[in-house]
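Chain by chain, the residues run as shown.
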Amino acid sequence: MSGQPSFLPGYEVALHRALTEPILLAGAPRSFAILNGTLAAAIGLGLRLWLAGAALWLIGHALAVWVTRKDPAFLIVLSRHARHKGALLC
């Protein structure tokens with residue numbers, strides 16, 4: 001018993017780190033970064049408000065990076081919370 005491994009052979013699998021971590025784009029979640037960049041480009045190019053588009057992108061991206069550093073699953077939880085608005089009303 002002392003020389004045997006504590007796990008059963010055949011039940012251990014090497015798991016790559018990329019399968020468990022969120023996909024980030026410049027420090028922000030990928031989907032939010034794409035949405036934020038598209039919205040900022042629409043305002044900057046479509047409405048010709050270059051400074052407003054750049055400011056929206058910079059503030060939105062900085063906020064997303066800050067929130068992701070605090071909790072990587074924050075935006076996922078926030079989107080799930082938004083879908084279930086009336087479920088926990090008192």
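See the structure above.
Notes on the structure in this doc start here. (Residues numbered from 1 in each chain as written. Predicted model: local features only at pLDDT ≥ 70, side-chain atom pairs only at ≥ 80, totals over all residues. Heavy atoms only, no water.)

## Topic: the overall build of the protein
Piece 1. Helix and strand counts for the protein come out as three helices and two strands.
Piece 2. Secondary structure of the protein in N-to-C order comes out as β-β-α-α-α.
Piece 3. Buried positions account for 14% of the 90 residues belonging to the protein.
Piece 4. Surface summary for the protein: the accessible area is close to 8,000 Å², and the carbon and sulfur share equals 68%. (Helix = DSSP H or I, 4+ residues; strand = E, 2+ residues; numbered from the N terminus. Buried < 20%, exposed > 50% of the residue type's maximum accessible area, 1.4 Å probe, protein only. Areas by Shrake-Rupley, 256 points an atom, 1.4 Å probe, with all protein chains shown as cover.)

## Focus: the side chain of N36
Piece 1. Structurally, N36 is set in helix α1 (residues 30–46).
Piece 2. The residues contacting N36, other than those within four sequence positions of it, are L56, W57, G60 and H61. (Contact = heavy atoms within 4.5 Å.)

## Some words on the layout of surface pockets
Piece 1. Approximately 230 Å³ is the volume found for the largest pocket.
Piece 2. Those elements giving two or more residues to the lining of the largest pocket turn out to be α1 and α3 (74–83).
Piece 3. Partitioned by chemical class, the residues of the lining of the largest pocket number eight nonpolar, two polar and one charged. (1 Å grid on protein atoms, 1.4 Å probe; cavity = no way out; pocket = protein on both sides within 12 Å on 5 of 7 lines; lining within 4 Å. Points joined across faces, edges and corners; volume = space filled by probe spheres on them. Nonpolar A, V, L, I, M, F, W, Y, C, P; charged D, E, K, R; others polar.)

## Topic: the pattern of salt bridges
Piece 1. What the rule picks out here adds up to one salt bridge.
Piece 2. The closest approach of N and O atoms between E21 and R17, which form a salt bridge, is 2.9 Å.
Piece 3. Note on E21: relative accessible area 40%, which makes it partly exposed.
Piece 4. We classify R17 as exposed; its relative accessible area is 60%. (Salt bridge = Lys/Arg side-chain N within 4 Å of Asp/Glu carboxyl O.)

## A few points about unusual backbone geometry
In most cases, non-glycine residues show a negative phi, while peptide bonds are predominantly trans.
Piece 1. With phi around 60 degrees, A26 is a residue other than glycine that occupies positive phi space.
Piece 2. Mapped onto the secondary structure, A26 falls in the loop between β1 (24–25) and β2 (28–29).
Piece 3. Looking at A26, the relative accessible area reads 64%, which means it is exposed.
Piece 4. Positive phi, close to 60 degrees, is recorded for R48, a residue that is not glycine.
Piece 5. Secondary-structure assignment places R48 in the loop between α1 and α2 (50–70).
Piece 6. By relative accessible area, R48 is classed as exposed at 69%.

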